[in-house]
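One-letter residues, chain by chain:
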Amino acid sequence: QFGDTTIAKTYLISGDGAEFGDLVSFDRATQTFHLASETSDPNLFGVVVANPAIVLRTSTEGVPLINSGEVSVQVTTVNGPINAGDSITSSSIPGKGQKADSSTSFIVGTALDSFPEQSTNASIAVSTSTVDGGSIRVLLAIGPKSVDAEGSVGTGDATGDPATGLLNVLGVST
């Protein structure tokens, strides 16, 4: 974990089992946080961290989350091996990330490490198959995928208004 440089806020996560490195989404309909469990989840909010340098408490019973910076993220090989430089997105495995592909429209950030390596990996059962699971460093850039490795523009939920120069992301003008 990279606790010396991260600033986190605490949030209450619905359900059980949020672990360090898990991806968290925000459900706008219920106004709750939960483990991300949808591939390319457009409602990704942040990552659970272990030792942030500063914690801003918004919930006394919550867990610390960050949504920018460098952090360890729990990932799987459900979409193939991950190489340093690959985009990472959420997966259908609650809280875990996976390698993004050309159809991915929403990403968590960029892998700084490759996975799997010849280190200690855990196996995760997914339906009738098993995939490797573990942790890698990711430079967070949560949001719509703008350009993929092939140079194609992504299809995320961001639009721009040329007249005003404002960017509209998930319905919020910035």
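Residues numbered from 1 in each chain as written. Predicted model: local features only at pLDDT ≥ 70, side-chain atom pairs only at ≥ 80, totals over all residues. Heavy atoms only, no water.

So, on to the packing of aromatic side chains. Counted under the stated rule, the structure contains four aromatic pairs. Measuring from ring centre to ring centre gives 4.9 Å for phenylalanine 33 and phenylalanine 45, while their planes differ by 65 degrees; the resulting arrangement is edge-to-face. Of this pair, phenylalanine 33 sits in strand E3 (residues 32-35) while phenylalanine 45 is found in strand E4 (residues 44-48), placing the two residues 12 residues apart along the sequence. On the accessibility criterion, phenylalanine 33 (12% relative accessible area) is buried. Judged by its relative accessible area of 23%, phenylalanine 45 falls in the partly exposed class. Chaining the aromatic ring pairs together yields one cluster made of Tyr11, Phe26, Phe33 and Phe45. (Phe/Tyr/Trp six-rings, centres within 6.5 Å; stacked < 30°, edge-to-face > 60°. Helix = DSSP H or I, 4+ residues; strand = E, 2+ residues; numbered from the N terminus. Buried < 20%, exposed > 50% of the residue type's maximum accessible area, 1.4 Å probe, protein only.)

We now examine the sheet that holds strand E6 (residues 63-66). Pairing within the open sheet is mixed, and its six strands lie in the order E3-E2-E4-E6-E1-E5. Single-partner strands in this sheet number two, and they are E3 and strand E5 (54-56). Each strand axis lies, on average, 45 degrees off the axis of its neighbour in the sheet, ignoring direction. Pairing geometry for strand E1 (residues 7-11) and E5, over three bridges, is parallel. Along E5, the bridge assignment pairs alanine 8 with valine 55. (Pairing = 2+ DSSP bridges. Axes fitted to C-alpha atoms, helices over the stretch in contact; angles between N-to-C directions.)

Put simply, the chain has an average pLDDT of 82, and 74% of its residues get 70 or more. Counted against residues more than four places away or in other chains, residues 151-158, with its pLDDT under 50, gives 18 contacts. (pLDDT = per-residue confidence, 0-100. Contact = heavy atoms within 4.5 Å.)

Together, Ile7, Ile54 and Leu56 make up a nonpolar patch on the protein surface, roughly 270 Å² of accessible area in all. The topology assignment puts leucine 56 in strand E5. (Patch = residues over 30% accessible without salt bridge, like charges linked within 9 Å, V, L, I, M, F, W, Y side chains within 5 Å. Areas by Shrake-Rupley, 256 points an atom, 1.4 Å probe, with all protein chains shown as cover. Salt bridge = Lys/Arg side-chain N within 4 Å of Asp/Glu carboxyl O.)

Take the pattern of salt bridges next. Evaluated as defined, the whole model comprises five salt bridges. Linking glutamate 70 and arginine 137 is a salt bridge whose minimum nitrogen-to-oxygen distance equals 3.2 Å. One end of the pair, glutamate 70, is in strand E7 (residues 69-76); the other, arginine 137, is in strand E12 (residues 129-144), and 67 residues separate them in sequence. The shortest N-O distance in the salt bridge between aspartate 113 and arginine 137 comes to 2.9 Å. Taken together, the positions of aspartate 113 in the loop between strand E10 (106-111) and strand E11 (122-126) and arginine 137 in strand E12 put the pair 24 residues apart, joining distant regions of the chain. Accessibility expressed as a relative area gives 28% for arginine 137, which makes it partly exposed. Salt bridges sharing common partners tie together Glu19, Asp22 and Lys96.

The subject of this paragraph is unusual backbone geometry. A cis amide bond links phenylalanine 115 with the next residue in sequence, proline 116, at an omega value of 0 degrees. Here proline 116 shows up in the loop between E10 and E11. With phi around 60 degrees, glutamine 31 is a residue other than glycine that occupies positive phi space. By secondary structure assignment, the location of glutamine 31 is in the loop between strand E2 (23-27) and E3. Positive phi is not limited to glycine here, since serine 40 has a value of about 60 degrees. Residue position: serine 40 is located in the loop between E3 and E4.

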